[in-house]
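Below, each chain spelled out in residue letters.
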Amino acid sequence: MFLKSHRDDSYPIHLIAMNILKIIHGYPPLYNAGSEVYSQSICEELSRKHHVTVFTREEDPFRPDFEIRSEQRNECLELFFINMPRSKDGYRHIEVDEQLKKVVLDKKPDVAHIGHLNHLSTGIIDVLHELKIPIVFTLHDFWLMCPRGQFLQRNFGGESHVLCDSQEDSKCAVNCYSSLLSGKDEIAEKEINHWTSWINSKMQETKTLSEKVSMFLAPSQFLMQRFINDFEISQHKIKYLDYGFPLHYLTPTVKQNQREHFTFGYIGTHIPSKGVNLLIEAFKQLKGNFHLLIWGHKDNQSTSVLKKMAEDDVRIKFFGAYVNYNLADDVFSKVDVIVVPSIWSENSPLVIHEAQACHIPVITADHGGMKEYVHDGINGLLFKHRDINSLAEKMKWAAEHPVQMNEFGKRGYINHAEGKVPEIGEHCRELEKIYSSLQTEIQNDLWRITLDTNPEDCNLKCIMCEEHSPYSDFMPRLYKETGVKKRRMPFEWVERIFNESSAIGIKEIIPSTMGEPLLYKEIDHVFHLSQQHGIKINLTTNGTFPKKTVKEWAELIVPNTTDIKISWNGATKETAAAVMKGIDFEQAVRNVKEFVGYRNSYFKETGIYCRVTFQLTFMQNNMHELPEIIRLAAELDLDRVKGHHLWAHFEEIKSLSFRESTDSIRAWNEIVRKVEEAAELYRKPNGEKILLENIILLEESQKAAIPEHYECPFLGKELWISATGKISPCCAPDDLRKTLGDFGNIEMTTLQETMNSDSYQLLLKNYKTHALCKTCNMRKPLRRKYK
């Protein structure tokens with residue numbers, strides 16, 4: 001069944017366009033700091049359109065380390081929790097890497113988006129890189145360039161939380177890890193050397209792994225420049241992108257409380273780096289009927305100390321953890337200003353944006369990303385970083401100037417003319433573009449070759465065939481232009497291509513997809529070459545199995561073939577014959593039944609399995625029978641039904657395209673819905689569902705062009721070689737693919753030379769600008785998920 005979004009109010013048509021893996025060291029409600037809340041926001045939004053898998057952690061001391069459990073949050077959002085209760089000072093855990101690899105191999109993500117690796121494993125990047133998954137990494141702090149993440153020194157026995165401006169191995173060992181020493185003077189130097197070495201190893205690890213990240217995202221210009229200047233991230237590999245926010249929970253549904261006293265608010269965690277102690281001390285300097293309300297998740301030790309600091313001032317009240325979805329009503333409606341007093345170099349605090357979305361002014365430090373989003377006297381106030389007296393002065397001014405503070409609040413987000421913070425949908429569309437751009441930077445990972453061995457040999461005249469259709473003048477034109485009646489690839493070329501393919505690791509070779517490859521004179525030898533070189537055949541045939549018995553063909557095909565795709569264009573003999581002229585439909589059904597029977601018995605004996613597929617051309621004169629084709633495929637024990645929309649080569653069949661009009665697109669979409677039901681209803685003999693491929697909804701705009709985010713499934717992965725030796729990048733009709741450029745001839749050019757050529761590399765980068773590619777029926781969302 002085609003998997004649709006669980007939120008049908010935002011997208012006119014829902015496609016699972018990508019399979020996204022999100023990696024974050026914690027996920028709400030277990031963890032609710034900024035990076036975790038942001039991760040939840042994008043995962044929920046992206047899962048409305050894509051399939052999202054989250055790999056995260058939990059801390060259960062009563063369960064085994066590294067144990068995995070999964071949780072389905074919605075039909076497109078699945079979470080995998082790895083148990084990590086004892087990993088505070090580790091950074092690479094092979095057990096985590098192995099569990100992540102299992103998830104990746106199962107879910108097959110198109111892109112991985114890392115939020116944080118603390119408490120997980122740096123080896124995750126190696127796993128993703130090894131499996132050739134593009135990696136996006138959002139930088140939430142300095143963890144890649146600072147062993148503890150915030151450039152705050154631990155300073156055991158001295159002044160605590162000293163702000164640090166750079167990473168140096170020995171300095172880090174002394175200032176941040178001396179609390180882990182034994183305290184014995186005679187071995188102190190040895191222990192310091194140990195931690196210096198440990199830190200050096202970790203920093204080398206993160207620096208090396210950073211080279212394997214495809215794109216870094218920084219939510220503040222400040223953080224981006226720190227990573228460029230201090231960590232030497234290349235400017236082309238890092239991009240500024242502020243956070244996005246689900247504005248539905250930042251829209252108050254109750255009026256702002258009418259108060260007799262000016263009220264300051266704080267929301268966030270109570271850990272020392274957040275500077276809540278500074279806020280309490282500064283507030284206590286204020287004289288007057290002012291209030292301070294403190295919300296946030298408790299850090300037991302810190303929270304108890306903070307409450308002790310505030311117990312002699314009845315104007316200060318503590319509230320428990322807040323629920324993000326009630327933030328506007330439960331928090332921002334009760335305060336006049338939000339204070340963000342962090343003592344570390346904050347990146348892009350979510351609370352600043354959330355307050356601005358609700359038109360609440362912010363007081364924060366003149367440092368880091370905080371001052372980037374609050375401009376003094378414009379949309380809030382800035383105090384001198386880590387200075388209690390400066391903060392107290394700004395708070396006093398705010399309380400004495402409520403009208404001006406209210407105006408600051410109205411100004412909102414400084415980077416938008418109307419003060420609007422980035423909305424989560426808009427933000428995720430930017431993420432989609434980034435994900436998609438990384439997918440289009442396809443690696444030269446050539447794995448399959450199609451050989452047009454004998455395109456003009458066929459025993460049928462299918463109406464959509466470029467060569468053999470009753471409407472085609474191709475073969476007379478071929479003879480007139482070249483003097484050749486039928487093109488056939490010399491077998492010595494086939495042998496040479498197999499030799500070269502074996503040397504560069506090609507996995508599959510497809511004999512001709514035009515014409516009937518089983519009519520190629522040397523087809524038996526093609527299968528022998530396949531066996532000799534360990535390269536599997538992927539076969540497309542019309543189901544007639546000419547010149548031999550079905551059993552004889554099966555004995556040749558099944559042992560050496562990954563997939564046999566049988567052209568199938570109807571569920572009744574009348575419809576099939578109207579499309580595939582010359583087909584004996586009933587005989588074709590018997591052929592398939594016999595072939596599958598041999599396939600099943602061979603698999604039982606050897607464990608070698610050849611997939612059998614019905615391959616369709618979607619047209620208005622045959623696809624009304626598609627649900628019944630699903631039924632027939634299941635009954636015959638096929639594995640898959642796939643197809644593509646019509647290449648309308650001839651005027652006579654253009655009206656058969658489902659992309660002809662809005663009405664025909666809607667008709668196709670209704671067929672897709674019926675196919676979903678059929679795939680659920682009609683099962684294979686073993687109870688499994690038929691796999692569906694490319695049977696997806698069309699957007700109404702597709703009558704003119706393919707959606708821009710649709711990708712080419714071939715570029716970087718497959719090459720086509722014509723019977724005359726011409727090398728092409730795709731399966732488009734001959735006359736059309738000429739427009740893509742010249743990629744050489746197999747007589748003079750190797751496969752690898754083609755892949756490395758300037759013309760091919762240019763096409764990889766710019767194919768979406770080509771007229772042919774803009775309308776190509778083969779382009780599709782990067783991945784679709786079917787149940």
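Computed from a prediction, not measured in an experiment: that's the story for all the values here.

Here is what the cut-offs are and how they apply
- Residues numbered from 1 in each chain as written.
- Predicted model: local features only at pLDDT ≥ 70, side-chain atom pairs only at ≥ 80, totals over all residues.
- Heavy atoms only, no water.
- Buried < 20%, exposed > 50% of the residue type's maximum accessible area, 1.4 Å probe, protein only.
- Helix = DSSP H or I, 4+ residues; strand = E, 2+ residues; numbered from the N terminus.
- Arc of directions from axis to C-beta.
- Contact = heavy atoms within 4.5 Å.
- Core = buried A, V, L, I, M, F, W, Y, C linked by side-chain atoms within 4.5 Å.
- Lys, Arg positive; Asp, Glu negative; His and termini not counted.
- Salt bridge = Lys/Arg side-chain N within 4 Å of Asp/Glu carboxyl O.
- Pairing = 2+ DSSP bridges.
- Axes fitted to C-alpha atoms, helices over the stretch in contact; angles between N-to-C directions.
- Expected span 1.5 Å × (residues − 1).
- 1 Å grid on protein atoms, 1.4 Å probe; cavity = no way out; pocket = protein on both sides within 12 Å on 5 of 7 lines; lining within 4 Å.
- Points joined across faces, edges and corners; volume = space filled by probe spheres on them.
- Nonpolar A, V, L, I, M, F, W, Y, C, P; charged D, E, K, R; others polar.
- Phe/Tyr/Trp six-rings, centres within 6.5 Å; stacked < 30°, edge-to-face > 60°.
- Lys NZ or Arg CZ within 6 Å of the ring centre and 35° of its normal.
- Parallel < 35°, antiparallel > 145°, perpendicular 65-115°, else oblique.
- Left-handed = near helix turned anticlockwise from the far one by under 90°.

(A) Expanded view of helix α13 (residues 402-411). Turning to α13, its buried residues number three or more, namely Met405, Phe408 and Gly409. Burial along α13 is one-sided: seen end-on, the buried residues are contained in an arc of 100°. Elements that come into contact with the buried residues of α13 comprise β12 (337-340), β13 (362-365), β14 (380-383) and α12 (388-400). Gly412 sits one or two residues past α13 and shows a positive phi near 70°.

(B) Representation of the nonpolar core in the model. Formed by 104 residues in total, the largest nonpolar core has its most connected members in Ile449, Trp568, Phe614, Leu626, Val641 and Trp668. Residue contributions to this core peak at eight residues, all from helix α20 (residues 585-606). Beyond its immediate stretch of four places on either side in the chain, Leu626 contacts Leu616, Val641, Trp668, Ile671, Val675 and Ile695. Counting 83 residues, the second largest nonpolar core, distinct from the first, contains Met309, Val335, Val351 and Tyr373.

(C) Summary view of the side chain of Glu36. Residue position: Glu36 is located in helix α1 (residues 34-46). We note that Glu36 is buried and unpaired, the nearest opposite charge coming from Arg57 at a distance of 5.6 Å.

(D) Examining the pattern of salt bridges more closely. All chains considered together, the criterion is met by 52 salt bridges. Note that Glu67 and Arg63 form a salt bridge whose closest N and O atoms lie 2.7 Å from each other. Residue classification places Glu67 among the partly exposed positions, given a relative accessible area of 32%. A residue is classified by how much of its surface remains accessible, and Arg63, at 18% relative accessible area, is buried. The salt bridge partner of Glu400 is Lys396, with a shortest N-O separation of 2.7 Å. Placement of the pair is Glu400 and Lys396 together in helix α12, with a separation of four residues, close to one helical turn. The exposure class assigned to Lys396 is partly exposed, which follows from its relative accessible area of 44%. Residues joined by salt bridges that share partners form a network here, namely Glu58, Asp60, Arg63, Glu67, Arg69, Glu71 and Arg73.

(E) Representation of the sheet that holds strand β25 (residues 727-728) within the structure. Overall, mixed pairing links the nine strands, which are arranged β23-β22-β21-β19-β18-β17-β15-β24-β25 in an open sheet. Only two strands of the sheet have a single neighbouring strand rather than two, namely β23 (691-693) and β25. Two strands pair when backbone bridges link them, and strand β15 (residues 448-451) and strand β24 (residues 718-721) are joined in this way by four bridges, in the parallel orientation. Bridge pairing in β24 links Arg448 to Glu718. Along the sheet, helix α16 (residues 491-504) makes contact with β15, β17 (508-510), β18 (536-541) and β24, crossing β15 at roughly 175°.

(F) How the structure looks around α20. For α20, spanning 22 residues, the distance from its first C-alpha to its last is 31 Å, which sits close to the expected 32 Å at 1.5 Å a residue. For α20, every residue scored as buried is listed here: Phe585, Ala588, Val589, Asn591, Val592, Phe595, Val596, Tyr598, Arg599 and Tyr602. The inward-facing, buried residues of α20 abut α18 (550-557), β19 (561-567), α19 (573-579), β21 (611-618) and α21 (626-635). Immediately downstream of α20, the backbone of Gly607 shows phi near 80°, a positive value.

(G) Region of the structure containing empty space enclosed by the protein. Scanning the entire structure with this criterion turns up five cavities of 30 Å³ or more. Empty space within the largest cavity amounts to approximately 100 Å³. If you go around the largest cavity, you meet 13 residues; those closest to its centre are Cys712, Cys730, Leu740, Cys773 and Cys776. Residues of the lining of the largest cavity, tallied by class, amount to twelve nonpolar, no polar and one charged. Quantified by volume, the second largest cavity comes out at close to 70 Å³. For the lining of the second largest cavity, a count of residues per class yields seven nonpolar, four polar and one charged.

(H) Structural view of the packing of aromatic side chains. Applying the stated criterion to the full structure yields 25 aromatic pairs. An angle of 55° between the planes, with centres 5.6 Å apart, marks the rings of Tyr177 and Trp198 as tilted. On the criterion of sequence distance, the pair formed by Tyr177 in the loop between α4 (169-176) and α5 (188-210) and Trp198 in helix α5 is long-range, its members being 21 residues apart. Taken as a pair, Tyr177 and Trp198 share a single burial class, namely buried. Ring centres 5.2 Å apart and planes at 50° place the aromatic pair Phe658 and Trp668 in the tilted group. Separated by ten residues along the polypeptide, Phe658 in the loop between β22 (640-645) and α22 (662-681) and Trp668 in helix α22 bring together distant segments of the chain. Lying across the ring of Tyr177, Arg154 places its NZ or CZ 5.3 Å from the centre.

(I) A look at the packing of α18 against α20. One can describe the packing of α18 onto α20 by two numbers: an axis separation of 9 Å at closest approach and a directional angle of 40°. In terms of axis orientation, α18 runs oblique to α20. Pair α18 / α20 crosses with right-handed handedness. Every residue of α20 that contacts α18 at Val550, Lys551, Ala554, Glu555 and Ile557 is listed here: Asn591, Glu594, Phe595 and Tyr598.

(J) Structural context of the pairing of β24. Side-chain alternation along β24 places Glu718 and Trp720 on one buried face and Leu719 and Ile721 on a second face that is also buried. Where β24 meets β25, two bridges bridge the pair, whose relative direction is antiparallel. Looking across to β25, one finds that Trp720 is bridged to Ser728. Where β24 folds back on β25, the antiparallel hairpin that results is connected by five residues, among which Gly725 adopts a positive phi of roughly 95°.

(K) Representation of the sheet that holds strand β5 (residues 111-114) within the structure. The sheet built from eight strands is open, its strands ordered β3-β4-β2-β1-β5-β6-β7-β8 with mixed pairing. One side of each edge strand has no neighbouring strand; the edge strands of this open sheet are β3 (68-74) and β8 (238-240). Sheet twist, expressed as the mean angle between neighbouring strand axes with direction ignored, is 20°. Strand direction decides the pairing type here: strand β1 (residues 19-23) and β5, joined by four bridges, are parallel. What sits directly across from Lys22, in β5, is His113.

(L) Focus on the packing of helix α17 (residues 523-533) against α18. Running from N to C, α17 and α18 point in directions that differ by 30°, and their axes come no closer than 10 Å. Judged by the inter-axis angle, α17 sits roughly parallel to α18. Between α17 and α18, the contacting residues are Ile523, Asp524, Phe527 and His528 on the first element and Trp553, Leu556 and Ile557 on the second. Each residue belonging to the contact of α17 with α18 can be placed in one class, and the counts come to five nonpolar, one polar and one charged.

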